[in-house]
Amino acid sequence: MRRFVLLTIIALLAPITASSLCHNTSKEAHIKTYCKQGSDISDVLQRLVSEKETVVIDKGTWKVSKPIYLRSGVVIKGVSPKKSVLLIDQQAIIDGKRKFCIFTTAQPKALFGEEYMSFSQETYKNKTFVNIVIRDLTIDVNRQPEYFKEVGVSARIADLNVVRFENCKNCILDNCIIQDYCTPESFNNNAVVKLVESDSCTVGNCITRNCTFVQVLGGKGNVIHANEGENSVGTWVSSVGGRSHVISGNTIRNVYNHVSTIGVNSVCCEIFNNKVKNDNGGEISCLTLGHSQDERSLPSVGSSSLRTKADSCFVHHNRFETPAHVAILIQNGSNIIIENNFLRSCPEQDNYAPAALYVHGQRDNLYGLRVVNNTIEANSRKGSALCGDCLNDAIIQGNTIKTTCRYAIRLTRQTTTVSIADNNISITDGELISADSVSTLLVSNNHFKGGYLNLHYSCLEFLNNEWEDINAVSRFELIDADDGLELCTRVEGNTLTPLNGVQLKEFARTSSKSGKPQKQSVTGNDFPKERIKSIIREK
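Everything numeric here is computed off the predicted structure, so don't read it as measured data. Throughout, a residue's number is its position along its own chain's written sequence, starting from 1. At least 70 in pLDDT is required for a residue's local features to be given in this predicted model, at least 80 for side-chain atom pairs to be given and counted, and no such filter applies to totals for whole chains, interfaces and linings, which use all residues. Excluded from the side-chain calculations are hydrogens and water; all other atoms, namely the structure's heavy atoms, are used.

Draft legend 1. Expanded view of the nonpolar core. By size, the foremost hydrophobic cluster in this structure holds 118 residues, and its most contacted members are F103, F165, F213, L289, I330 and L441. Numbering of helices and strands runs from the N terminus; a helix is a DSSP stretch of H or I covering at least four residues, while a strand is a stretch of E covering at least two. When residues in this core are grouped by element, the largest group, eight residues, is from strand β42 (residues 424–444). The criterion used for residue contact is that any of the two residues' heavy atoms lie within 4.5 Å. Excluding residues that lie within four positions of it along the chain, I330 makes contacts with L289, I336, I338, L357, Y358, V359, H360, L366 and L369. Nonpolar cores were defined as sets of buried Ala, Val, Leu, Ile, Met, Phe, Trp, Tyr and Cys residues, with membership established by side-chain atoms within 4.5 Å. Working definition: with a 1.4 Å probe on protein chains only, accessible area under 20% of the residue-type maximum means buried, over 50% means exposed, and in between means partly exposed. Listed in part, the five residues of the second largest apolar core include V326, L329, A355 and C387.

Structure below.
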């Protein structure tokens, strides 16, 4: 009996270890209880994450050198982003061999490329991580080029994920600062946050510096909201595959290495209230919708394939400004709506994408585009406002378009039916509307100022437009349509006011290479009829 009592007393007085504390009954644990500031907390943090409902990263700087594997329902939070700092160990990045993660639900086979998934198909069906929260932290990625150069390793191969929500649902990354040190010379464009085949997850109220931010691979209904970024070295926010993602209220300034600031390759997404301003000319576009990549080469996940279309995306109330390239680039997607945005491009040299809004794809993937109630500006000698090819059933309506020269609207290459209506369009010196090989062009109820027309079409309706300061002779040329359209020209009900010295007597003059007959109506226009000469000229 005495021996039992003695053993009991010894047990009660025995030192309490960090391991034993991890198993106490409290649902919340503070990292400072177990670790000193500046120490490597990886092992303790993993135990706490595995056993506690809430883990608090207290004030101070704490080192992490191993992946922390997450479980459903865990909350990891700091005191505040500026006070609670996680510092990634640089050698751990090198030892990770392109697969290093900090907070993750799985160790990935690779951080990018075709092996982007970690789990088997059965795991995806039977196990989903839910309700994970990470918030109020600064995470210092610590990819400093000087260190990697000193140890003889290129910073370009130091790929990692700060947070990887894979096969997750209703998980949150909130109010965090992600600090990195990538530069255009020693860059890494792999996103520090990845949502992989996850649904209804949110990344919000975060600040990023010198790094690529979020990539969404598959999944549905994820939200990227109210984040701020500066000096991204790759596409700051991107999605590939999946559907119904929301990208809203984000602000980003300056992107390098000729990529898109925001890239959406998913269907039925909403992109709104974002502000992108690039001062350095280092990006291709502020927003790119769809990708021209051959989809047969992309990986598939069961019934969910990582496609690169942006069908049925809704882009509204954004402000996109770039000094050199494109505000919005559309490459692959049907039934896209571009509405109530402010777009500005001011290129000072020639580039492959020649407009503030540039639509460039294949004839079978650009149906039903709607460009409505936007303000589009191209204020330079090298820029145009809106250029598009391969459009089918497109509507350009209610926009305010201003450009210095070149083109206010240019339509080229296999474009079929386009309606340009109720717009206010001005150009200082150039073509107001240029249409090269357009089957059906409907232009009505617009207010135009300056410029001239250069139209090659099969069927034209130019109706009820008000056009002042016409500054050059326009050209109307009929072409044979692939779909056998009857050649037709209607110029009716317009009010036309030329600049001094510009003759309107041949304004509605048409020519035809084929010599086929056409229907023509030139009536009710507000200038003397004797100044109109409408003929068909064979070439």
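Draft legend 2. Structural context of helix α3 (residues 42–51). Of all the residues in α3, the buried ones are S42, V44, L45, Q46, L48 and V49. Where α3 is buried, its residues touch β1 (28–30), β2 (54–57), β3 (60–64), β4 (68–69), β5 (75–78) and β7 (100–104).

Draft legend 3. Region of interest: the pattern of salt bridges. Each salt bridge in this description consists of a side-chain nitrogen of Lys or Arg and a carboxyl oxygen of Asp or Glu lying within 4 Å of one another. Applying the stated criterion to the full structure yields 13 salt bridges. One salt bridge in this structure joins R490 and E492, with 2.9 Å as the shortest N-O distance.

Draft legend 4. Unusual backbone geometry, seen in detail. If you check the backbone angles, N167 has positive phi at about 55 degrees while not being a glycine. As for its position among the elements, N167 is in the loop between β11 (160–166) and β12 (168–169). For N167, a relative accessible area of 5% translates into the label buried. Although it is not a glycine, Q414 adopts a positive phi angle of roughly 60 degrees. For Q414, the position within the fold is in the loop between β40 (400–412) and β41 (415–421).

Draft legend 5. Quick look at the packing of aromatic side chains. Aromatic pairs are defined between Phe, Tyr and Trp rings, using the six-membered ring for Trp, whenever the two ring centres lie within 6.5 Å; interplanar angles under 30 degrees are classed as stacked, those over 60 as edge-to-face, and all others as tilted. Across all of its chains, the model carries four aromatic pairs by this definition. Plain terms: the ring middles of F448 and F462 are 6.3 Å apart, the flat faces sit at 35 degrees to each other, and that makes the pair tilted. Pair noted here: F448 is in strand β43 (residues 447–449) and F462 is in strand β44 (residues 452–463), with a separation of 14 residues, a long-range link. Here F448 matches F462 in class, with each residue buried. With a centroid separation of 6.4 Å and 55 degrees between ring planes, the pair formed by F462 and W467 is classed as tilted. Through pairs of rings, three or more aromatic residues link up here, namely F448, F462 and W467. Positioned above the aromatic ring of F342 is the side chain of R319, whose terminal nitrogen or guanidinium carbon lies 4.0 Å from the ring centre. Geometrically, a lysine NZ or arginine CZ counts as sitting over a ring once it is within 6 Å of the ring centre and also within 35 degrees of the ring normal.

Draft legend 6. The environment of N265, seen in detail. The topology assignment puts N265 in strand β24 (residues 260–267). Distance in space between the C-alpha atoms of N265 and S239 is 5.5 Å, their sequence separation being 26 residues. At 3.3 Å, the side chain of N265 forms a polar contact with the backbone nitrogen of H291. Side-chain atoms alone can form a polar contact between residues adjacent in sequence; in general such a contact is a pair of N or O atoms within 3.5 Å, and within protein one must be able to donate a hydrogen while the other accepts it.

Draft legend 7. Spatial organisation of the side chain of E166. Inspection of the secondary structure assignment puts E166 in strand β11. Reaching out from E166, the side chain makes a polar contact with the side chain of R164 at a distance of 3.0 Å.

Draft legend 8. Looking closely at the confidence of the model for the protein. Values of pLDDT, the confidence the predictor places in each residue, fall between 0 and 100. Across the protein, the average pLDDT comes to 82, with 78% of residues at or above 70. pLDDT under 50 marks residues 111–115. Its contacts with residues more than four places away, or in other chains, come to 18 contacts. Below pLDDT 50 for its whole length, residues 299–304 participates in 11 contacts with residues either more than four positions away or in separate chains.

Draft legend 9. Main features of the pairing of strand β37 (residues 375–378). Paired strands are those between which DSSP finds at least two bridges. As defined by bridge partners, strand β34 (residues 342–345) adjoins β37 across four bridges and the pair is classed as parallel. Looking at the pairing, S345 lines up with A378 of β37. Bridge count for β37 against β40 is four bridges, and the pairing is parallel. Within β40, the position partnered with T375 by the bridge is T400.

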